[in-house]
Amino acid sequence: MIGVLFVCLGNICRSPMAEAVFRGKVEAEGLADTIRVDSAGTGDWHLGKVPHEGTRRLLDDHGIAYEGMRARQVRIDDYADFDYIVCMDSNNERDARAVFGSKCDGHPKVFKLMDLLPERKASDVPDPYYTGNFEETYELVSEGCDRLLDRIRQEKLAGV
Ligand code: 4NP
């Protein structure tokens, strides 16, 4: 099983959106038994909460399932438990790496979603908790998730 963890700050807006969007694509490709998907936040303010209302509305509008998702914090074991640790912005990557410690120094399995979309100007996924623009975030998340699936296919699933 290939593990993908999406990381943001609160685990209520961007990373749950990415988790739900990516899982939807994984299921649509018939890879649900091959790739497992989770998300976590570097902060602890929203532990146990369902995704933000704006994220839920956006996922409902796009017909994407998100049942059972609850906010949790990044933990040290996530580093060993996941193959791709995909952060929404530079602060999230810095903070996740700080949780994992020196064993992840320079390791490419921790990276930013926008690293997959170098043709886009943004290097961070905008945080709709502050911008209020969930659709803008969704467009980048969805495009980034397509690119992530391409990368996983190339790196781990040649021929699948
Ligand atoms: P997220 O957005 O990192 O995309 O879940 C945020 C959610 C909550 C807070 C900040 C960002 N907060 O400060 O509570």
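Our structure's up above, just so we're on the same page.
This is a predicted model, so every value here is computed, not measured.

**Considerations on helix 2 (residues 53–61)**
Working step 1: Within helix 2, burial applies to Gly-54, Thr-55, Leu-58 and Leu-59. Buried residues of helix 2, viewed axially, fall in a sector of 130 degrees; they line one side.
Working step 2: In this structure, the buried side of helix 2 is in contact with helix 1 (14–28) and helix 6 (134–156).
Working step 3: Once helix 2 ends, the next one or two residues include Gly-63, with phi positive near 65 degrees.

**Quick look at the site of the ligand**
Working step 1: Around the ligand, the neighbouring residues are Cys-8, Leu-9, Gly-10, Asn-11, Ile-12, Cys-13, Arg-14, Trp-45, His-46, Asp-127, Tyr-129 and Tyr-130.
Working step 2: A total of 350 Å² of accessible area belongs to the ligand in isolation, and the protein chains cover 93% of it.
Working step 3: Split by residue class, the shell around the ligand holds 7 nonpolar, 3 polar and 2 charged.

**Some details on the packing of helix 1 against helix 6**
Working step 1: Where helix 1 contacts helix 6, the two axes come as close as 9 Å, and the packing angle between them is 50 degrees. Accordingly, the angle class assigned to the pair helix 1 and helix 6 is oblique. For helix 1 against helix 6, the interelement crossing comes out right-handed. Residue-level contacts link Arg-14, Met-17, Ala-18, Val-21, Phe-22, Lys-25 and Val-26 of helix 1 to Phe-134, Thr-137, Tyr-138, Val-141, Ser-142, Cys-145, Asp-146, Leu-148, Leu-149 and Ile-152 of helix 6.
Working step 2: Residues belonging to the contact of helix 1 with helix 6 are distributed by class as follows: 12 nonpolar, 2 polar and 3 charged.

**A short note on the nonpolar core**
Working step 1: Counting residues in hydrophobic clusters, the biggest one holds 39 residues, and the most contacted among them are Val-4, Phe-6, Phe-22, Ile-35, Leu-148 and Ile-152.
Working step 2: At the level of elements, strand 1 (2–8), helix 1, strand 2 (35–41), helix 2, strand 3 (84–87) and helix 6 are the ones that each hand at least two residues to this core.
Working step 3: Broken down by element, the residue count for this core peaks at 8 residues, all from helix 6.
Working step 4: Residues Val-7, Phe-82, Ala-96 and Phe-100 belong to the second largest nonpolar core, which totals 12 residues.

Cut-off values and rules
- Residues numbered from 1 in each chain as written.
- Predicted model: local features only at pLDDT ≥ 70, side-chain atom pairs only at ≥ 80, totals over all residues.
- Heavy atoms only, no water.
- Buried < 20%, exposed > 50% of the residue type's maximum accessible area, 1.4 Å probe, protein only.
- Helix = DSSP H or I, 4+ residues; strand = E, 2+ residues; numbered from the N terminus.
- Arc of directions from axis to C-beta.
- Contact = heavy atoms within 4.5 Å.
- Near = heavy atom within 4 Å.
- Areas by Shrake-Rupley, 256 points an atom, 1.4 Å probe, with all protein chains shown as cover.
- Nonpolar A, V, L, I, M, F, W, Y, C, P; charged D, E, K, R; others polar.
- Axes fitted to C-alpha atoms, helices over the stretch in contact; angles between N-to-C directions.
- Parallel < 35°, antiparallel > 145°, perpendicular 65-115°, else oblique.
- Left-handed = near helix turned anticlockwise from the far one by under 90°.
- Core = buried A, V, L, I, M, F, W, Y, C linked by side-chain atoms within 4.5 Å.

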